[in-house]
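# Breakdown of the fold
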Amino acid sequence: VQKWDEKLAKYAAESAKMEANVGVGQFFSAKSGVLSWQDNPMPNNEMGVIIVDSIMENAYYDGEYDPSNPQPPRCFAFGRSEDELAPHERVVEAGNAQNDSCKGCQFNEFGSADKGRGKACKNTRRLALLPAGKFDKHGEFELFDDTEHFESTEVGFMKLPVTSIKGYATFVKQVAATLKRPPFGIVTKIKVVPDPNSQFKVIFEAIDNVPDELMSIILKRHEEIKPTIDFPYELPSEEEVKPKGKSQTGKKT
């Protein structure tokens, strides 16, 4: 008779690991132009990481942004191409979808924002980042030499400001053209710098290729995070939502 307890315990551990980040992923922050991790500012406002994966994210918020009490988006979507972006199943189940798909949604059109000519729905990127080393006092980067670090260290996430999306897209295309590598094939410096038009922006710079001896580990981490990077937000309760005078279908009330 097969002992199922041991076998099922293994599957339970694998399932729990897969769901570990759902709704509770730890995010790097660039709030107010300060790059930080778990409220701890990063030295010199920069960090050396491996971008193990990235995904498109659209997020629509109800009400005015309150920095002292930030709320999750009411409607959000994830995808790897603009054509597949549609409200997350959790949003649909809650009845918060603003449209069947992001394409054609009035809040995803320029000029729909309450202020300015932008979109009410914010088109951004969610990055999955693996800390890769540190900068010395002279600004030189030192790669961690412990393979165990790359195998098991926690992946952090970063939601890019809308104003930094174009720069990230340019960076990815340049790396592909010149180094023939995807973002997870290189070590990247991420730095937050002042910007006269948007207060601050996030910039990206290739430091070096990931060493060949680490690539199998990094590729494994990439495959691990790829199915789970689109973990959903916890939806705001009705009490938390501040209506804008529009219905959940996107029509003015």
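None of the values given here were measured: they were computed from a predicted structure.

For helix α5 (residues 212–225), built from 14 residues, the straight-helix expectation of 20 Å at 1.5 Å per residue is met to within 8% by its first-to-last C-alpha distance of 20 Å. Within α5, burial applies to L214, M215, I217, I218, R221, H222 and I225. Packed against the buried residues of α5 are β4 (46–60), β6 (121–131), β8 (141–143), α3 (147–152) and β9 (156–159).

Once that is clear, we can look at the environment of K191. With respect to the element layout, K191 can be found in strand β10 (residues 186–195). Along the chain, K191 and G33 lie 158 residues apart, while their C-alpha atoms are 9.9 Å from each other. With sequence-adjacent residues up to four places away left out, K191 is seen in contact with N44, N45, E46, K201, V202 and I203. Separated by 2.8 Å, the side chain of K191 and the backbone oxygen of N44 make a polar contact.

With that settled, consider helix α4 (residues 165–178). Under the 1.5 Å per step criterion, the end-to-end length of α4 is 20 Å for 14 residues, consistent within 8% with the ideal 20 Å. Those residues of α4 not exposed but buried are I165, Y168, F171 and V175. Along the axis of α4, the buried positions cluster into a sector of 125°, meaning they face one direction only. Among the exposed residues of α4, those oriented more than 90 degrees off its buried face are K166, K173 and T178. Backbone geometry just after α4 places K180 at a positive phi near 60°.

Turning our attention to the confidence of the model for the protein. Looking at the protein as a whole, the pLDDT averages 85, with 83% of positions reaching at least 70. Contacts from residues 18–23, a stretch scored under 50 in pLDDT, to residues over four places away or in other chains number 8 contacts. Under a pLDDT of 50 for its full length, residues 242–253 has, in the predicted model, 30 contacts with residues more than four places off or in other chains.

Bringing the nonpolar core into the picture now. Within the largest apolar cluster, 29 residues are counted, with the highest numbers of intra-cluster contacts made by I50, V52, F150 and I218. The set of elements that each furnish at least two residues to this core consists of β4, β5 (75–79), β6 and α5. In terms of residues, this core owes the most to one element, α5, which gives 5 residues. Setting aside residues no more than four positions away along its own chain, I50 makes contact with A128, L129, L130, A132, F150, F184, I186, V187, V210 and I218. The next biggest cluster of nonpolar side chains, apart from the first, holds 21 residues, and it includes F28, I51, Y168 and F200.

Reading guide: rules and limits
Every residue gets a number counted from 1 within its own chain, in the order that chain's sequence is written. Given that the model is predicted, a residue must reach a pLDDT of at least 70 before its local features are reported, and side-chain atom pairs must reach 80 or more before they are shown or counted; all residues, however, enter totals for whole chains, interfaces and linings. Processing note: side-chain calculations cover all non-hydrogen atoms of the structure and skip hydrogens and water entirely. Numbering goes from the N terminus for both helices and strands, where a helix is a DSSP run of H or I of at least four residues and a strand is a run of E of at least two. The length a helix should cover is 1.5 Å for every residue beyond the first. Working definition: with a 1.4 Å probe on protein chains only, accessible area under 20% of the residue-type maximum means buried, over 50% means exposed, and in between means partly exposed. The criterion used for residue contact is that any of the two residues' heavy atoms lie within 4.5 Å. A 3.5 Å cut-off defines polar contacts: any pair of N or O atoms within that distance qualifies, except that in protein one atom must be a possible hydrogen donor and the other a possible acceptor, and neighbouring residues in sequence count only when both atoms are side-chain atoms. Working note: the arc is built from the helix axis to C-beta atom directions. Every residue gets a pLDDT, meaning the predictor's confidence in that residue, from 0 to 100. Take the buried Ala, Val, Leu, Ile, Met, Phe, Trp, Tyr and Cys residues and link them wherever side-chain atoms come within 4.5 Å; each set so joined is a nonpolar core.

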